[in-house]
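# Tertiary structure, described
Here is how the chains run, residue by residue.
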Amino acid sequence: MPWIDACAADEIEPEDLIRFDHGGRTYAIYRSPDDAFYCTDGLCTHEQVHLADGLVQDHEIECPRHNATFDYRTGQALRAPACTALATYPARVENGRVWIEI
Amino acid sequence: MAQRDYAMSGADARRAVETGLAAAEWYHTDIPRKEMKALMARADQPAIRDTGLLFGCMALFAGLGIALWPSWGSAPFWLAYGVLYGSAMDSRWHECGHGTAFRTRWMNDWLYQIASFCMVRNPVQWRWSHARHHTDTIIVGRDPEIQAMRPPALGRIALNFLGLLDAWQGWTKMLRNAAGRLDPDEADYVPEHEAPRLIRVARIWVAIYAATIALALATSSLLPLMVIGLPRLYGAWHHVMTGLLQHAGLADNVTDHRLNTRTVYMNPVSRFIYWNMNYHIEHHMFPMVPFHALPRLHDRIRADLPAPSPSILAAYREVLPILWRQLRNEEHFLTRALPPTARPYRAELHRHAPGVPAE
Ligand code: FES
């Protein structure tokens, strides 16, 4: 799968995420409190809501609609009402840009 | 207009799905991400303080009630204990169900289990039904938590001030679940793999009630049931009083919470019992914002919302005449004016709301 230049690293605040749309799909790109970058599908697996409006705490993303949480490093669903894991994609930073493999 | 069908598998439920009313996009006031993040931020401290106060008061009031039992002098303490058990636990159940009460997850889950037991709401089943209430707030046939249906069943609402129907339903459901069965509405929103957990909780509760009843029989005294079980009835009135104001008399089948939800200013004691859920439009628009930040959120977005009801009494003065009229004409409801600073209601967000708005 190709690596895509998604955004500048400093576009994402620490402990936050942004939405990234590409090729008709939507992704979420995260910056953890320890300054690592991650990428998952952009929609909650419960009811297809954009996670970009949600809340990042430590290594978890909380969905804005019903507060389901996922570990954005592994995609694992941690709290109902989500039961299905989020798909995750590799991410890396090069020269201040975030690249994701999708 | 045909009578509304509130069943989760009924005609209105099918129509809501066909017309795109179910799981629709809802109106939100615009708040920049940075501000929103600050409002959503979680903390343990406010909930630890309030939970300490809640359990401390419960122990004190129950202790005094037991000490003065069976004289009438114990009655005020039972009333106070009952409201904390049968009403404050409703708002704790609600906030912890959202996972917003504490920052630390195990604290949330721990209080959620206790509050669910007090309210006789299976913590597994209600987690799913409340998710639906947020996706499809007051959408007929989709929202399983509509209290004032149309036409309103006033007798039913009155009985619930003493928890009679709700708690009774809770206990019968508990027994059914403990026997390993789910009813069809439950099966509609509880995923299959959650059923064993739901059943296990119901069995634990049956064991607790059985022990309480056995103690009452062994001591030939009502006292154990005054502490566990009965306060769900004699203390329910406050959560029904505040809960009814959330949506009653307002539009149904709309996708703008300003049209179907009410914010009410309340006294500090009621706000403690209700854990700030009087800021109810704010809660529905942004369910990620914890109870302690709702007053701040209210200040931030009030210019975009209809004016709040100034008190519980004022809100009832607004609601009761509408419910009364709905007995004869269920299409009647209230649309509140927006301040000039607000973004106007968009017709397409309430094109499915039939009826005659009262101004
Ligand atoms: S849509 Fe994400 S938790 Fe329901």
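First, a word on scope: everything that follows refers to the structure included in this document. (Residues numbered from 1 in each chain as written. Chains lettered and ligands numbered in written order. Predicted model: local features only at pLDDT ≥ 70, side-chain atom pairs only at ≥ 80, totals over all residues. Heavy atoms only, no water.)

Moving on, we get to the overall build of chain B. Tallying secondary structure elements over chain B gives 18 helices and two strands in all. For chain B, the C-alpha atoms occupy an extent of roughly 65 × 40 × 40 Å along the three principal directions. Going through the 359 residues of chain B one by one, you find that 56% of them count as buried. By sequence separation, contacts in chain B at least 24 residues apart represent 72% of the contacts at least 6 residues apart. (Helix = DSSP H or I, 4+ residues; strand = E, 2+ residues; numbered from the N terminus. Buried < 20%, exposed > 50% of the residue type's maximum accessible area, 1.4 Å probe, protein only. Contact = heavy atoms within 4.5 Å.)

What follows deals with the environment of Ala80 of chain A. Assignment of secondary structure puts Ala80 of chain A in the loop between β8 (77–79) and β9 (88–89). For Ala80 of chain A, a relative accessible area of 18% gives the class buried. Along the primary structure Ala80 of chain A and Glu62 of chain A are separated by 18 residues, whereas in three dimensions their C-alpha atoms are 11 Å apart. Each residue touching Ala80 of chain A, except ones within four places of it in the same chain, is listed here: Asn67 and Ala68 of chain A together with Arg127, Trp128 and Glu194 of chain B.

Right, let's get into the sheet that holds β8 of chain A. All names here are of chain A. Across the sheet, which stays open at both edges, the four strands sit in the order β5-β6-β7-β8 with antiparallel pairing between neighbours. Because the sheet does not close on itself, it has two edges, and the strands there are β5 (55–57) and β8. Each strand of the sheet is rotated relative to its neighbour by a mean of 30 degrees, with strand direction disregarded. Bridge count for β5 against strand β6 (residues 60–62) is three bridges, and the pairing is antiparallel. Each residue of the ladder has a partner; that of Leu55, found in β6, is Glu62. (Pairing = 2+ DSSP bridges. Axes fitted to C-alpha atoms, helices over the stretch in contact; angles between N-to-C directions.)

Residues that lie three or four places apart on an α-helix share one face, since the helix turns once every 3.6 residues. Residue and element names in this part refer to chain B. With 24 residues, helix α3 (residues 45–68) extends 35 Å from end C-alpha to end C-alpha; this agrees with the ideal 34 Å at 1.5 Å per step. Every buried residue of α3 is listed here: Pro46, Ala47, Asp50, Thr51, Leu54, Met58, Ala62 and Gly65. If you follow the buried residues of α3, they end up packed against α4 (75–98), α5 (105–119) and α15 (268–274). (Expected span 1.5 Å × (residues − 1).)

Where the parts come together, the accessible area they lose is often given as the size of the interface. The partner chain B presents 24 residues to the 26 residues of chain A that form the contact. For the pair chain A and chain B, the two sides together bury roughly 2,000 Å², of which 42% comes from carbon and sulfur. Among the residues of chain A in contact with chain B, Leu55, Arg65 and Arg79 of chain A are the three that bury the most area, contributing 27% of the side total. Put simply, chain A and chain B have seven salt bridges between them. Remark: the boundary between chain A and chain B carries 17 residue pairs in polar contact (both at pLDDT 80 or more). For the side of chain A that touches chain B, the secondary-structure elements that each account for two or more residues are β2 (16–22), β5, β6 and β8 of chain A. (Buried area = accessible area lost by both parts, 1.4 Å probe. Salt bridge = Lys/Arg side-chain N within 4 Å of Asp/Glu carboxyl O. Polar contact = N/O pair within 3.5 Å; in protein donor to acceptor, adjacent residues only side chain to side chain.)

With respect to the element layout, Asp185 of chain B can be found in helix α9 (residues 184–189). Distance from Asp185 of chain B to Val17 of chain B, taken between C-alpha atoms, is 17 Å for residues 168 residues apart in sequence.

Together, Leu159, Leu162 and Leu164 of chain B make up a nonpolar patch on the protein surface, roughly 250 Å² of accessible area in all. Of note, Leu159 of chain B is situated in helix α7 (residues 154–160). (Patch = residues over 30% accessible without salt bridge, like charges linked within 9 Å, V, L, I, M, F, W, Y side chains within 5 Å. Areas by Shrake-Rupley, 256 points an atom, 1.4 Å probe, with all protein chains shown as cover.)

Right, let's get into the sheet that holds β2 of chain A. All names here are of chain A. Spatially, β2-β3-β4-β9 is the arrangement adopted by the four strands of the open sheet, whose pairing is antiparallel. Of all strands in the sheet, those with a lone pairing partner are β2 and β9, marking the two edges. With five bridges connecting them, strand β3 (residues 25–31) and strand β4 (residues 37–41) associate as antiparallel partners. If you follow Tyr30 over to β4, its bridge partner there is Tyr38.

The space that makes up the second largest pocket amounts to roughly 780 Å³. Val49, Asp53 and Pro64 of chain A together with His28 and Met285 of chain B are the residues nearest the centre of the second largest pocket, which is lined by 28 residues in total. Those elements that provide at least two residues to the lining of the second largest pocket are α2 (33–40) and α16 (280–285) of chain B. When residues in the lining of the second largest pocket are grouped by element, the largest group, three residues, is from α2 of chain B. The residue makeup of the lining of the second largest pocket, split by class, is 13 nonpolar, seven polar and eight charged. (1 Å grid on protein atoms, 1.4 Å probe; cavity = no way out; pocket = protein on both sides within 12 Å on 5 of 7 lines; lining within 4 Å. Points joined across faces, edges and corners; volume = space filled by probe spheres on them. Nonpolar A, V, L, I, M, F, W, Y, C, P; charged D, E, K, R; others polar.)

Moving on: the nonpolar core. All names here are of chain B. In this structure, Leu54, Met58, Tyr81, Met89 and Trp171 are the most contacted members of the largest nonpolar core, which totals 39 residues. If you list the elements that add at least two residues to this core, you get α3, α4, α5, α8 (164–178), α10 (195–219), α11 (223–227), α12 (231–234) and α15. With nine residues, α4 is the largest single contributor of residues to this core. In this structure, this core is formed jointly by two domains, domain 1 (51–232) and domain 2 (245–359), each of which donates at least three residues. In this view, Leu54 contacts Leu84, Ala88, Met89, Arg92 and Phe272; residues no more than four positions away in its chain are not counted. Core analysis: the next-biggest nonpolar cluster, separate from the first, contains 32 residues, Tyr279, Ile281, Leu294 and Val319 among them. (Core = buried A, V, L, I, M, F, W, Y, C linked by side-chain atoms within 4.5 Å. Domains from an automatic or database assignment.)

Residue and element names in this part refer to chain A. Counted according to the given criterion, the structure contains zero disulfides over all chains. With no disulfide of its own, Cys39 lies 9.5 Å from the sulfur of Cys7, the closest cysteine sulfur. Its relative accessible area of 1% is what places Cys39 among the buried residues. (Disulfide = S-S within 2.5 Å.)

Turning to the packing of aromatic side chains, a few remarks are in order. One pass over the full model with this rule turns up eleven aromatic pairs over all chains. For the pair Trp171 of chain B and Tyr209 of chain B, a centre-to-centre distance of 6.1 Å together with 90 degrees between the ring planes defines the contact as edge-to-face. Taken together, the positions of Trp171 of chain B in helix α8 and Tyr209 of chain B in helix α10 put the pair 38 residues apart, joining distant regions of the chain. Across the pair, Tyr209 of chain B and Trp171 of chain B agree in class, each one buried. Three or more aromatic residues link up through ring pairs in this structure, and these residues are Trp69, Trp78, Tyr81 and Tyr85 of chain B. A cation over a ring is seen here: Arg92 of chain A above Trp3 of chain A, with NZ or CZ 4.2 Å from the ring centre. When the ring centre of Tyr27 of chain B is taken as reference, the NZ or CZ atom of Arg258 of chain B above it lies at 3.9 Å. (Phe/Tyr/Trp six-rings, centres within 6.5 Å; stacked < 30°, edge-to-face > 60°. Lys NZ or Arg CZ within 6 Å of the ring centre and 35° of its normal.)

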